[in-house]
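Report on the structure
Here is how the chains run, residue by residue.
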Amino acid sequence: KKYMPEPFKIKSVEPLRILPREEREKVIKEAGYNTFLTKSRDTYIDLLTDSGTNAMSDRQWAGLMVGDEAYAGSENFYHLEETVRDIFGFKYVVPTHQGRGAENLISRILIKPGTYVPGNMYFTTTRTHQEMNGGTFVDVIIDEAHEPDRADVDFKGNVDLDKYEALIKKVGADKIPYITVGVTVNLAGGQPVSMQNLKDVHALSKKYGIRVIFDATRCVENAYFIKTREKGYENKTIKEIVREMFSYADGCTMSGKKDGIVNMGGFLAMNEEELYDAARSLVVVFEGMPSYGGMSGRDMEALAIGFQEAMDFNYIKHRVQQVEYLGEKLMEKGIPIVKPIGGHAVFLDARAFLPHIPQSQYPAQALAAAIFVDSGVRTMERGNVSAGRDKDGNEYFPKLELVRLTIPRRVYTYAHMDYVAESVINTYEHREDVKGLKWTYEPPVLRFFTGRFEPI
Ligand SMILES: CC1=C(O)/C(=C\N=C(/Cc2ccccc2)C(=O)O)C(COP(=O)(O)O)=CN1
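Given the structure is predicted, the values throughout are model-derived calculations rather than measurements.

Here we look at the environment of alanine 368
Take alanine 368: it is sitting in helix H14 (residues 363-375). Sequence separation between alanine 368 and tyrosine 164 is 204 residues; the distance between their C-alpha atoms is 35 Å. In this structure alanine 368 touches Thr35, Thr379 and Val403, once residues within four positions along its chain are discounted.

With respect to the packing of helix H3 (residues 75-87) against helix H11 (residues 297-310)
When two helices pack together, you describe them by how their axes are tilted relative to each other and by the distance separating the axes. One way to put it is that H3 packs onto H11 with a least axis distance of 8 Å and a crossing angle of 25 degrees. It follows from the interaxial angle that H3 and H11 lie roughly parallel. Here H3 runs over H11; the crossing is left-handed. Contacts between H3 and H11 involve Asn76, Phe77, His79, Leu80, Thr83 and Ile87 on the former and, on the latter, Gly297, Arg298, Met300, Glu301, Leu303, Ala304, Ile305, Phe307 and Gln308. Taken together, the residues of the contact of H3 with H11 sort by class into eight nonpolar, five polar and two charged.

Structural notes on the site of the ligand
Every one of the 21 residues lining the ligand counts as a neighbour, but Thr49, Arg100, Asp215, Ser255 and Arg404 are closest to it. Here an oxygen atom of the ligand sits 2.7 Å away from a polar atom, N or O, in the main chain of arginine 100. Measuring from a nitrogen atom of the ligand, one finds a side-chain N or O atom of aspartate 215 at 2.6 Å. With the chains in place, 96% of the 560 Å² that the ligand exposes on its own is no longer accessible. Elements with a contribution of two residues or more to the shell around the ligand: helix H4 (99-110), helix H5 (124-132) and strand E11 (380-382). The leading source of residues in the shell around the ligand is H4, at three residues. Residue composition of the shell around the ligand, by class: four nonpolar, nine polar and eight charged.

Regarding the sheet that holds strand E12 (residues 402-406)
An order of E9-E12-E11 is seen for the three strands of this open sheet, with the pairing classed as antiparallel. Only two strands of the sheet have a single neighbouring strand rather than two, namely strand E9 (345-349) and E11. On average, adjacent strands in this sheet sit at an angle of 30 degrees to one another, irrespective of strand direction. Together, E9, E11 and E12 form the strand contacts of H14, whose direction differs from that of E12 by roughly 40 degrees.

Overview of unusual backbone geometry
Residue threonine 184 follows valine 183 across a cis peptide bond; omega there is 0 degrees. Tracing the backbone shows threonine 184 in the loop between strand E5 (178-182) and helix H7 (195-207). The omega angle of the peptide bond from lysine 339 to proline 340 is -5 degrees, so this bond is cis rather than trans. Topologically, proline 340 is positioned in the loop between helix H12 (313-332) and E9. Look at tyrosine 33: it is not a glycine, yet its phi comes out positive at around 55 degrees. The residue tyrosine 33 is located in the loop between helix H1 (21-30) and strand E1 (45-46) in this model. Residue classification places tyrosine 33 among the buried positions, given a relative accessible area of 17%.

Looking at the pairing of strand E3 (residues 116-119)
Where E3 and strand E4 (residues 136-139) come together, four bridges link them in parallel fashion. The partner of tyrosine 116 across the bridge, within E4, is threonine 136. Read as a crossover between parallel neighbours, the route from E3 over H5 to E4 is right-handed.

Digging into the environment of asparagine 120
Tracing the sequence through the fold places asparagine 120 in the loop between E3 and H5. Each C-alpha atom of the pair asparagine 120 and arginine 431 lies 33 Å from the other, and the pair is 311 residues apart in sequence. In this structure asparagine 120 touches Asp139, Val140, Ile141, Gly157, Val159, Thr180, Val181, Gly182, Val185 and Val193, once residues within four positions along its chain are discounted. Reaching out from asparagine 120, the side chain makes a polar contact with the backbone oxygen of glycine 157 at a distance of 3.0 Å.

Rules behind the numbers
- Residues numbered from 1 in each chain as written.
- Predicted model: local features only at pLDDT ≥ 70, side-chain atom pairs only at ≥ 80, totals over all residues.
- Heavy atoms only, no water.
- Helix = DSSP H or I, 4+ residues; strand = E, 2+ residues; numbered from the N terminus.
- Contact = heavy atoms within 4.5 Å.
- Axes fitted to C-alpha atoms, helices over the stretch in contact; angles between N-to-C directions.
- Parallel < 35°, antiparallel > 145°, perpendicular 65-115°, else oblique.
- Left-handed = near helix turned anticlockwise from the far one by under 90°.
- Nonpolar A, V, L, I, M, F, W, Y, C, P; charged D, E, K, R; others polar.
- Near = heavy atom within 4 Å.
- Polar contact = N/O pair within 3.5 Å; in protein donor to acceptor, adjacent residues only side chain to side chain.
- Areas by Shrake-Rupley, 256 points an atom, 1.4 Å probe, with all protein chains shown as cover.
- Pairing = 2+ DSSP bridges.
- Buried < 20%, exposed > 50% of the residue type's maximum accessible area, 1.4 Å probe, protein only.
- Right-handed = clockwise from strand over helix to strand, strands pointing away.

Structure (structure tokens):
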């Protein structure tokens, strides 16, 4: 199988070092077996996240030089605004410092206590903002999304229209301020939503007068999967597909730190004027003027350029195929991963990888720590620890107990992927040596960021 060679050449490098194994063992112990608490300097290949860790292009770096740092009406804001209008088609844009900034605004504006927000699987920060404003998140993703090994399902991110309509009938459309549709669905394994499903969700939502808000964080990857997997889109450009996708939404929250290919930035975009007015006044409280929203002028410029570059088919083909390359190397060795392989990461099925560790002893957390010790490759737990506890303090014990190998955009080469694969395979061959974990410190909120563990 041919994999797209890197459509870029390297102009500057950040030298990396590989600690000796005994050093790595010390590092993970001091970090309480939590990769979030390890240091970048102790990490060889950093697959913790693709958020904000992407490599900007020379044009983006040049864009920093034309940062218009005016407090009001920055030139770069107008460049970002016209770029969002051109690519996504929304009338209004409110910049925010990152995705959470946009989630905070829209949750505070639209979610009232006692309302329900359906969505295709939860995301940690999105659900937290919904719950903090008195809303209840309701998962309406198709059942298959919760099964790790479903290579036969091309669009695992799809909304189950029956689940969605059943919720509407149960609680009433007036109790649903909007449905949030993640394109792609991060915690299902970077799984896309089909154009047909976006169309159907929009139609059903309009039938009941419910807004559709996309979580647009990895929307370019979603467009790539529509182009390569959905009938009728093979000859459309990425830009045409993105534009059509967003024609089925009333607005979106965007973390620019992923498909926007920048290190910091985001926005809230919408078509409704009154939503825009509410966002413009609230943004002043949390992010700053509506024309900079927690971003410097130079960052808005880099974000505008980043989205323009993301529309290039060779860029996104390489990006997704590099993830596929790593996933297929692991599949060849029978290592259990989420299938189909997602757009931004390979997700290890830690439950199948470590069947001797019960979910109450956090197998995904233990596996991420074991891989770090084996190779200095840093990954992220996306399982029982990340799912946290419900209002009654019970753990969710999600069906998906995963370790995410998240590939930053334009940062690593295929040779790095070979090294990562070798480490995962080696850890798999010695998997019975991996021990379960117990808390030594469990934080009350978003416990995965700062929680600490020790082996049982
Ligand atoms: C689908 C989706 C995301 O993936 C996302 C951020 N992802 C992140 C960053 C992250 C956030 C929270 C816990 C662990 C890691 C990722 O590592 O995957 C945000 C928030 O955006 P933000 O980070 O810019 O505030 C909104 N939606």
